[in-house]
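Descriptive analysis of the structure
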Amino acid sequence: MTHRDPNLYDYWPYKERPKIVWPGGKKLAFWVAPNIEFYEFDPPGNPSRKPWAAPSPDIVPYSARDWGNRVGHWRLMEVMDKAGVRGSISLSVAMLDHHPEIIEACVARNWEFFSHGIYNTRYSYGMDEAQERAVLEDSIRSVQAATGQRIRGYLAPALTHTEKTMDLLAEYGFWYTCDLFQDDQPQPVKVKDGRLISMPYSLEVNDVITYGVYNQSPRAYADVLKRHFDQLLEEGEESGTVMCIPLHAYLVSHPNRIGPFQEALEYITGHKDDIWITTAAEIAEFYLANHYDGAVADIARRGNARGGSGFNPVAG
Amino acid sequence: MPLPDDYLVYPKRRLGPDHERYDASPVRDRAPLVLPDGAKVALWVNVLLEFFPLNPSGKPFKAPGAMQTPYPDLRHYTTRDYGNRVGVYRILKVLDRLGIPATFWAQGAVAERYPTLIRDIQAAGHEIGAHGWDTDTIHHTAMDEGAERKAIADTLATLKDVTGTAPQGWLSPARAEGFATPDRLKEGGVEWFADWAHDELPTAFRTTAGDLTAMPLSDMLDDWQILVTYRRPEEEWVAQVADSADWLVDEADRFGGRVLSLTLRPHISGQAYRIRPLADSLEQALARPGVRAMTGGAILDAWRK
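The structure reproduced in this document is the subject of the present report. (Residues numbered from 1 in each chain as written. Chains lettered and ligands numbered in written order. Predicted model: local features only at pLDDT ≥ 70, side-chain atom pairs only at ≥ 80, totals over all residues. Heavy atoms only, no water.)

1. As for the overall build of chain A
- Scanning chain A from terminus to terminus reveals eleven helices and nine strands.
- Over its C-alpha trace chain A gives a radius of gyration of 19 Å, about what one expects of a compact globule, namely 20 Å for 316 residues.
- Seen through its C-alpha atoms, chain A measures out along the principal axes to roughly 55 × 45 × 40 Å.
- A burial count over chain A gives 61% of its 316 residues as buried. (Helix = DSSP H or I, 4+ residues; strand = E, 2+ residues; numbered from the N terminus. Rg over C-alpha atoms; globule rule 2.2 N^0.38 Å. Buried < 20%, exposed > 50% of the residue type's maximum accessible area, 1.4 Å probe, protein only.)

Okay, here's the thing in structure tokens:
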């Protein structure tokens, strides 16, 4: 049975919400999400999605992603260091095994890790609950063993989900999901048990969309980032907003693209008095402690709480 | 029905890449590449000489630029052929004026049909590499082994007939390979190839017949990519080449020589309205301190030292 509505969150219009003020009186919480991914050379098939457009091996796209793991991440780390931004890494967990040198460099920078599945060529489509649990347990255990960090966030591999994903995340003690794009502020996600929030990530200012879908030029992308930031900062005065720049070194780090990106990043981080330069876990922790209950109450006060939880029929 | 259990088994989850061709190697940890005469960045211009049959099989896919309308697609056949008749001569003039030695990737079918074109390129001092037989001879895993070996041998032999020497470099049509293609290239006499885009510097590449050197070729400044796939105007192409040169010159000062690769198709870049932006982009890149045009073979020679 399929559903017309995921029922993962309630409608919550973007006006007169309880005011969020980020730590230090800041108006906008800014985080950067480098996707540190592994795409397999000869992945198994999934009934719902082909991993590569051409028959395996698909040399140019495979090797272009490997370029990220040999060249791209190092260039992006340097640019982020200069701007004073720690990454919140969307991690293909198998990278811990394939490229520990990259993981060590991220640990040394005190970057946050969250799970982006095991490989970006293994999709959640068709997984039963036990299989999806195995992916989450592998993610928690493997990152903990390699870095000492307990992961708190999830971005499903290649944005592939099941109806159980969000309930399982809450059950395993995750704080946030990056898979929902309904808002520029965090929001409670309706799970069976426990608490989970949606963390504003972005498809609009994600370099995959910029370069792969919108075909923007590098300089146009930089301009988009600046305008997106200016608007969210202005709105953050009324109630704190979140801006995330999701990146893929195999795209943004090329010599024709990284210069304009660096310029945009330095423009954003130049607004030090107004923005909280942080990680997704720190935003989630602060939101859960200070704003989660108020959000639930405000949605109820407006008469918008529909009850039920994700993919479960609304009572009545 | 859940997925089969082995969907969650990861037999190649291990240190380094999930294939045997090369090991992990962060680019900044390597010995610096020293380019000749104190050059910092090698501008590697690649020109593709392709033959697009009027009746492609389309197997296992149609190459970018292949026929699109029902047979006979004279529109696409002749626009591609324009490149080999007119566009390429415009590009040759620009390269000559700017003193740029380039790598021309010639398909066997082009050499067979237009040997005078190949000889003109050779006479201008450019490097000639093999680009497979034609755009409808796509190397892939299901390709018959004999057919793949024959395509490699025929391409090298035809180019040798025209130029006097067999090319050492190879670029597969549509940059497609089967799992065994690199092994068969090395067995066929190829010394280096440019199908993979996994790095910014040459890398060793293992085959069952010994080492085949990989010259990674970026498609970021590829004319098809920027002008056709992305549909960007020509001025942006010029800007991106200049930005790339600036960034790489800066890195070269810290990490050693870098390669800036640019791929041109005469039927795209050789259009009358595009030839001036092409010249501008090359001229701007060469105006950066330490940027020097080199062929793929010359870059490899520097890397091997």
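2. A short note on the interface of chain B and chain A
- Counting from both sides, the interface comprises 58 residues of chain B and, opposite them, 60 residues of chain A.
- The junction of chain B with chain A conceals about 4800 Å² of combined surface from both sides, 56% of it contributed by carbon and sulfur atoms.
- Counting the surface chain B buries against chain A, the share from its top three residues, Tyr7(B), Arg13(B) and Trp247(B), is 17%.
- Inspection of the region where chain B meets chain A yields eight salt bridges.
- At the boundary of chain B with chain A, the tally comes to 33 residue pairs in polar contact (both at pLDDT 80 or more).
- For the side of chain B that touches chain A, the leading source of residues is helix α7 (residues 234-255) of chain B, giving ten residues.
- Within the side of chain B that touches chain A, the residues separate by chemical class into 27 nonpolar, eleven polar and 20 charged. (Contact = heavy atoms within 4.5 Å. Buried area = accessible area lost by both parts, 1.4 Å probe. Salt bridge = Lys/Arg side-chain N within 4 Å of Asp/Glu carboxyl O. Polar contact = N/O pair within 3.5 Å; in protein donor to acceptor, adjacent residues only side chain to side chain. Nonpolar A, V, L, I, M, F, W, Y, C, P; charged D, E, K, R; others polar.)

3. As for the nonpolar core
- Phe30(A), Phe261(A) and Leu282(B) are the most contacted members of the largest nonpolar core, which has 145 residues in total.
- Here this core takes eight residues from helix α1 (residues 59-83) of chain A, the largest share from any one element.
- Once residues lying within four places of it in the same chain are set aside, the contact partners of Phe261(A) are Leu76(A), Val79(A), Tyr221(A), Leu225(A), Ile245(A), Leu247(A) and Val252(A).
- Membership of the second largest hydrophobic core comes to 26 residues, among which are Trp22(A), Ala281(A), Ile283(A) and Tyr287(A). (Core = buried A, V, L, I, M, F, W, Y, C linked by side-chain atoms within 4.5 Å.)

4. Observations regarding helix α10 (residues 296-304) of chain B
- Those residues of α10(B) that sit buried are Gly296(B), Gly297(B), Ile299(B), Leu300(B) and Ala302(B).
- Against β1 (41-49), β2 (103-106), β3 (127-130), β5 (192-193), β7 (210-214) and β8 (258-264) of chain B lie the buried residues of α10(B).

5. Here's the deal with the side chain of Asn120(A)
- Structurally, the position occupied by Asn120(A) is in the loop between β3 (112-115) and α4 (129-147).
- In contact with Asn120(A), other than residues within four places in its own chain, are Glu37(A), Phe38(A), Tyr39(A), Ser92(A), Pro157(A) and Ala158(A).

6. A short note on the packing of aromatic side chains
- Summed over all chains, the structure comprises 25 aromatic pairs over all chains.
- The interplanar angle of 80 degrees and the centroid separation of 6.0 Å between the aromatic rings of Tyr39(A) and Tyr250(A) together place this pair among those described as edge-to-face. Highlighted residues: Tyr39(A) in the loop between β1 (28-36) and α1 and Tyr250(A) in helix α8 (residues 249-252), separated in sequence by 211 residues. Per residue, the accessibility class of Tyr39(A) equals that of Tyr250(A), and both read buried.
- An aromatic cluster is present here, built from Phe41(A), Tyr62(A), Tyr22(B), Phe179(B), Phe193(B), Trp196(B) and Phe205(B) joined pairwise through their rings.
- Just above the ring of Trp12(A) sits the side chain of Arg17(A); from NZ or CZ to the centre is 4.2 Å. (Phe/Tyr/Trp six-rings, centres within 6.5 Å; stacked < 30°, edge-to-face > 60°. Lys NZ or Arg CZ within 6 Å of the ring centre and 35° of its normal.)

7. Some points on the packing of α1(A) against helix α3 (residues 100-108) of chain A
Residues and elements named next belong to chain A.
- Running from N to C, α1 and α3 point in directions that differ by 10 degrees, and their axes come no closer than 11 Å. By the angle class used here, α1 and α3 are roughly parallel. Along its contact with α1, which presents Asn 69, His 73, Trp 74 and Met 77, the element α3 presents Glu 101, Ile 102, Ala 105 and Cys 106.
- Residue composition of the contact of α1 with α3, grouped by class: five nonpolar, two polar and one charged. (Axes fitted to C-alpha atoms, helices over the stretch in contact; angles between N-to-C directions. Parallel < 35°, antiparallel > 145°, perpendicular 65-115°, else oblique.)

8. Comments concerning the pairing of β1(B)
All names here are of chain B.
- Counting buried positions over the nine residues of β1 gives nine, a clear majority of the element.
- Both faces of β1 are covered, namely the face carrying Val 41, Leu 43, Val 45, Val 47 and Leu 49 and the face carrying Ala 42, Trp 44, Asn 46 and Leu 48.
- Sheet analysis places β1 next to β8, joined by seven bridges and oriented parallel. Paired with Ala 42 across the two strands is Val 259, which belongs to β8.
- Sheet analysis places β1 next to strand β9 (residues 291-293), joined by three bridges and oriented parallel. Its bridge partner being in β9, Ala 42 is matched across the sheet by Arg 292.
- Both β1 and β2 contribute to a ladder of four bridges, which runs parallel. Each residue of the ladder has a partner; that of Leu 49, found in β2, is Ala 106.
- As a crossover connection, the stretch from β1 through helix α1 (residues 74-98) into β2 is right-handed. (Pairing = 2+ DSSP bridges. Right-handed = clockwise from strand over helix to strand, strands pointing away.)

9. Considering the pattern of salt bridges
- Scanning the model with the defined rule gives 44 salt bridges over all chains in all.
- Across the salt bridge formed by Glu78(A) and Arg28(B), the nearest N and O atoms sit 3.3 Å from each other. Taken together, the residues span two chains, with Glu78(A) in helix α1 and Arg28(B) in the segment before β1.
- Using a relative accessible area of 22% as the deciding quantity, one classes Glu78(A) as partly exposed.
- Asp97(A) is the salt-bridge partner of Arg13(B), the closest N and O atoms lying 2.7 Å from each other. A residue pair is termed interchain when its members come from two chains, as with Arg13(B) in the segment before β1 and Asp97(A) in helix α2 (residues 95-98).

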